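Geometric and topological summary
Spelled out from the first residue to the last, the chains are:
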Amino acid sequence: MRGAAQEAVLAGEAQLSVLVLNGVTKRFDGFTAVDNLSFDVPENGIFGFLGANGAGKTTTLRMVLDILRPTSGTIQVLGQPAGRRGGGEIGFLPEERGLYRQMTVLETVVYFGRLKGMAANAATTSAENLIERFGLAPFARRKVEQLSKGMAQKVQLAAALVTAPRLLILDEPFAGLDPVNQSVLEDVVLERAKAGSTVVFSTHVMQHAERLCDRLLLIARGRKVFQGSQQDARAQLPARLSLTARDNPARLPGVEHAEPTGCADEGWTDWKIVLSPGVEAGSVLEACTRDGFALRRFETHRASLHDVFLHLAGGQPVGDASEVQS
Amino acid sequence: MNATWLVAVREFRQICATRSFWLTLLMLPIAIVLSQVSARLFAPPPGVAIVVVDDSGRYGPMIQRRIALDRDRQVLNELGTYAQRWKIKPTGEGAVWGAGPKLFTPGEAQAFEAAGGLAAAQTQIARLKPASAPDFRPPAAGFIPISAPPGVIVNQGPEAFGTSLKPYLLKDVVTPVGPRQLALGVYIPANFGSPGVVVRMWTNGRPNVELVETVRQELSGAMRAHALQSAGVNMAALASIQTINAPVSLTAPPAGSGTRERLMLHSALPLALAYLLLISIMTSGSWMLQGLIEERSNKLLESVLACITPDQLLYGKLIGMVAVGLLMITAWLAFAISAAFSVQGVVADFLRPALVSISSPWIAAALIYYFLAGYVMLSMMFLAVGAVSDSMRDAQGYMMPLVLMLTIPFVAIASSVLQNPDGPLPRVMSWIPIYAPFAMMARLGSGVPAYEVIGSGVILAAFIGFELVLLSRIFRSSLLQAGQSLGLLSLLRKRAVA
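Residues numbered from 1 in each chain as written. Chains lettered and ligands numbered in written order. Predicted model: local features only at pLDDT ≥ 70, side-chain atom pairs only at ≥ 80, totals over all residues.

1. As for the overall build of chain B
- Counting secondary structure elements, chain B contains 18 helices and five strands.
- Looking at the 498 residues of chain B, the share that counts as buried comes to 33%.
- Contacts spanning at least 24 positions in sequence make up 72% of the contacts within chain B whose residues lie at least 6 apart. (Helix = DSSP H or I, 4+ residues; strand = E, 2+ residues; numbered from the N terminus. Buried ≥ 20, exposed ≤ 12 C-beta atoms within 10 Å, placed from the backbone. Contact = placed C-beta atoms within 7 Å.)

2. Things to note about the sheet that holds strand 2 (residues 31–42) of chain A
Residue and element names in this part refer to chain A.
- Strand order in the open sheet formed by four strands is 2-1-4-5, with antiparallel pairing between adjacent strands. Only two strands of the sheet have a single neighbouring strand rather than two, namely strand 2 and strand 5 (80–81).
- In the sheet, strand 4 (residues 72–77) pairs with strand 5 via two bridges, with the strands oriented antiparallel. The residue of strand 5 that forms the bridge with Val 77 is Gln 80. (Pairing = 2+ DSSP bridges.)

3. Quick word on the nonpolar core
- In terms of nonpolar packing, the biggest core is built from 150 residues, with Val109(A), Ala158(A), Ile169(A), Leu218(A) and Met441(B) touching the most fellow members.
- Looking at this core, the element that brings in the most residues is helix 13 (residues 361–388) of chain B, giving 15 residues.
- Leaving out residues up to four positions away in the same chain, Ile169(A) has contacts with Leu61(A), Val64(A), Leu65(A), Ile90(A), Gly91(A), Phe92(A) and Val200(A).
- Judged by nonpolar contacts, the second largest core, of 24 residues, contains Ile50(B), Phe143(B), Ala183(B) and Ile188(B). (Core = buried A, V, L, I, M, F, W, Y, C linked by C-beta atoms within 7 Å.)

4. Focus on the confidence of the model for chain A
All names here are of chain A.
- Mean pLDDT over chain A works out to 83, with 90% of the residues at or above the 70 mark.
- The weakest mean pLDDT in chain A belongs to helix 11 (residues 318–321) at 32; the strongest belongs to helix 3 (residues 105–115) at 94.
- Counting interchain partners and residues more than four positions distant, the pLDDT-below-50 stretch residues 316–326 has 22 contacts. (pLDDT = per-residue confidence, 0-100.)

5. Considering helix 14 (residues 392–419) of chain B
Residue and element names in this part refer to chain B.
- Over its 28 residues, helix 14 extends 39 Å from the first C-alpha to the last, a length consistent with the 40 Å expected when each residue adds 1.5 Å.
- Along helix 14, the helix axis deviates most sharply at Tyr 398, where the bend reaches about 30°; the proline Pro 401 sits within four residues downstream.
- For helix 14, every residue scored as buried is listed here: Ala 395, Met 399, Phe 410, Ile 413, Ser 416 and Val 417. (Expected span 1.5 Å × (residues − 1). Bend = angle between axes of the 7 residues up to and from the residue.)

6. Notes on the interface of chain B and chain A
- Taken together, the contacts link 20 residues of chain B with 22 residues of chain A.
- Listed by contribution, the elements that provide at least two residues to the side of chain B that touches chain A are helix 1 (3–16) and helix 10 (301–305) of chain B.
- Among the elements that line the side of chain B that touches chain A, the one with the most residues is helix 1 of chain B, at four residues.
- Here the side of chain B that touches chain A is composed, by residue class, of 13 nonpolar, four polar and three charged. (Nonpolar A, V, L, I, M, F, W, Y, C, P; charged D, E, K, R; others polar.)

7. Notes on the sheet that holds strand 7 (residues 167–171) of chain A
All names here are of chain A.
- As summarised here, the arrangement of the six strands in space is 6-7-8-3-9-10, forming an open sheet in which the pairing is mixed. The sheet is open, and its two edges are formed by strand 6 (90–93) and strand 10 (223–229), each paired on a single side. The sheet shows a mean angle of 15° between the axes of neighbouring strands, taken without regard to direction.
- Inspection of the sheet shows strand 6 paired to strand 7 by four bridges, in the parallel sense. Directly across from Phe 92, in strand 7, lies its bridge partner Ile 169.
- Packing of helix 5 (residues 149–161) onto the sheet brings it into contact with strand 6 and strand 7, and relative to strand 6 it is tilted by some 160°.
- Running over the sheet, helix 6 (residues 179–194) touches strand 3 (45–51), strand 7 and strand 8 (198–203) and is turned about 150° from strand 8. (Axes fitted to C-alpha atoms, helices over the stretch in contact; angles between N-to-C directions.)

8. Examining the environment of Leu237(A)
Residue and element names in this part refer to chain A.
- For Leu 237, the position within the fold is in the loop between helix 8 (230–234) and strand 11 (240–245).
- With 18 C-beta atoms packed within 10 Å, Leu 237 lands in the partly exposed category.
- In contact with Leu 237, not counting residues within four places along its chain, are Ala 303, Asp 307, Val 308 and His 311.

9. Describing the packing of helix 13 of chain B against helix 17 (residues 450–478) of chain B
Residues and elements named next belong to chain B.
- Across the interface, helix 13 lies against helix 17 with an axial gap of 10 Å and an inter-helix angle of 20°. Relative to helix 17, the element helix 13 lies roughly parallel. Note that helix 13 runs across helix 17; the crossing there is left-handed. Facing Ala 366, Tyr 369, Ala 373, Val 376, Met 377, Met 380, Leu 383, Ala 384, Ala 387 and Val 388 of helix 13, the residues of helix 17 in contact are Val 453, Gly 457, Leu 460, Ala 461, Phe 463, Ile 464, Glu 467, Leu 468, Leu 471, Ile 474, Phe 475 and Ser 478. (Parallel < 35°, antiparallel > 145°, perpendicular 65-115°, else oblique. Left-handed = near helix turned anticlockwise from the far one by under 90°.)

10. Overview of the environment of Ala222(B)
Residues and elements named next belong to chain B.
- The topology assignment puts Ala 222 in helix 7 (residues 209–230).
- Residue classification places Ala 222 among the partly exposed residues on the basis of 18 C-beta atoms within 10 Å.
- Separated by 20 residues in the primary sequence, Ala 222 and Gln 242 place their C-alpha atoms 9.8 Å from one another.
- If near-sequence neighbours (up to four positions away) are discounted, Ala 222 is found in contact with Tyr 59 and Met 62.

11. Describing the packing of helix 3 of chain A against helix 5 of chain A
All names here are of chain A.
- Between helix 3 and helix 5, the shortest axis-to-axis distance is 8 Å and the interhelical angle comes to 30°. As the angle between them shows, helix 3 and helix 5 are arranged roughly parallel. Crossing angle aside, the handedness with which helix 3 passes helix 5 is right-handed. Residue-level inspection shows Val 105, Thr 108, Val 109 and Phe 112 of helix 3 in contact with helix 5, the latter providing Val 155, Ala 158 and Ala 159.
- A per-class count over the contact of helix 3 with helix 5 returns six nonpolar, one polar and no charged.

12. Some thoughts on the environment of Leu136(A)
Residue and element names in this part refer to chain A.
- Note that Leu 136 resides in the loop between helix 4 (120–133) and helix 5.
- The class for Leu 136 is buried, based on 20 C-beta atoms found within 10 Å.
- Separated by 19 residues in the primary sequence, Leu 136 and Val 155 have C-alpha atoms spaced 8.1 Å apart.
- Residues within four places of Leu 136 in sequence aside, it is in contact with Val 105, Ile 131, Met 151, Lys 154 and Val 155.

13. Focus: unusual backbone geometry
Residue and element names in this part refer to chain A.
- Not every positive phi belongs to a glycine, and Asn 36 is a case in point at roughly 50°.
- As for its position among the elements, Asn 36 is in strand 2.
- Looking at Asn 36, the number of C-beta atoms within 10 Å reads 17, which means it is partly exposed.
- Located in the positive-phi region is Ala 164, a residue other than glycine, with phi close to 50°.
- Within the secondary structure, Ala 164 sits in the loop between helix 5 and strand 7.
- C-beta crowding within 10 Å serves as the criterion here: with 19 such atoms nearby, Ala 164 is assigned to the partly exposed category.

In structure tokens:
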């Protein structure tokens, strides 16, 4: 069985992978949390790690960070086996967040920088910049226990970023944040990616992934069900159309299912159409023009990641879904 | 800076920043000062008063004279101890106290009195004592004869005397040295000595046996003298007979050199260290426990474990905890030593003799080893409790048996060591790792065979190593398991966490 990195090389992708998992399995007392998971994360860009609650995302990330050891399989991070040797090159924002309540904001960020091997001066300078960037400068000398939840989460994010890591791993980073802070966090993620970091973030909220991710990995019950780009993901679902026509569009080539949704005036009818797999909306429009099929409205519906997610992970047994891979 | 060291510094600073740390740090000195102050403020003054009404006119002065002589003998004994300690060699007729403490005879007391008594002795001391020696402070008089308080009827027989005296027996009366409890009232009838005539005594409900016996002996002596005189013994022979005392040579060891005293002195410092070890480990252990539980309940361990290994976290916490404990003990010892130097006589009477017992470099090294090893061993137990507890409530379930397991045998060890350091209990405990630090520290001052020190030390070191492996496993297995009730055994079996 070829590993994901090997496959990437054979496919001619010269891009370096910052993270490679090969056949990784993790069992807890008979329960398989992660099941033979293989994937790779190319350098640069934002990689979405998607899955429902309990799908095995956090366990996988903990194994990547060497907090947990896999039952079997191998993990390579930044070209080395998973471990804490390159701690400063990896930033991590855990799903379950907490800080030392008695430490000040500045002390906290500096402390985590120093735990990752930074010198005191460098950690302090970096911490001060991040605190400024996140609008926490007036609170730098305040104890964490005096901060609001949103501010404390920013402190935790600053602690993850203090070493300016090459690989930034965010586990459910948007959980518990208000829309304003979600927007700040999205900006930071994009900023880090633009600066050359690789960002891996796990989420079960598809809108964030849709806005941010270049590539996606979807897991369900510990197994990979999809890996690829957003476009690839959407291609997993048949295209949908809405149109208003005089005739029944079911006879058009490529239409799998047509359902009237209401009557427009003067003999026109609204239709909702599902195309056959692999058929694009453009070819249907082309057929309408060619065959003189009268149209008053033609709208394509782009499948959302949410739909893809439900399709791949939500409605099918994992065994079936796992066959769908790009 | 090494991650372990960073964790240790953070733990240390976090604990030192808490109010409870400072309260505990100050608790011992404050308790010592308060106990000293309260002892001085609230302890009853020494000595009790006695009222003697003598209708015969013959016995009262004899009793007062006897009390005065007994007081002189007591002063002489203290003077002897003082002279011996400060190597003072007084000269002259009444300088009988220069030979050191002993059982002084009434004759020697009379000679001392004749030579000027305490005032003359103080003059000699002022001239002869070294500059570092404190002034001699005579002991307080045990019994203080006084006249009948106003209102007490002394001329209408024993019943009237007793009835009028009763109210005074329940409160303090005026004496030349200040208010004192009236302990005894004595009424000697005019015809005392005739058959059937008794001396009446009233006490305050707590008869002072020594005082009653003193009065009785004096009266009995007078009756015997009267009987001998009636039997025809002439006055000269009678006076000679009265001075006869059984020849007794009492050798009093120098202060602190008696078997019991020696044991106390030699075991005092090591035992104090063992006590300090127990107290500081209990307090710093509970702080560390709280810190660890807070980390688990605050969900911040994952962030930390993404940066450092569980072992680095464990060692850092351990070092931080030991550092806090040592800081507390250093502060307490510094206070105790300052207090010792500020109280006259404590250094000479107690500290120096006590330090002699641990002055050998080997004993001192063994003491330090057992102290540090004990601290590390017990700290790990507290950390293990913290690692498997999700809340302080959880921790209490483990703490109570742990505290009982440590304290109850410790009390038994301490009292056994003071009786006999080589007794079976201290010796057996010396080989059980969790009690070895206490038992060995308590015994070291009294001399322990080398094979026991080395053997017990090696077993203790091996136990610490074993404990470290177990704790490391528990730590790895439990740190991210907050909220899941896992048994200790299942945690030990787990090897999941890196």
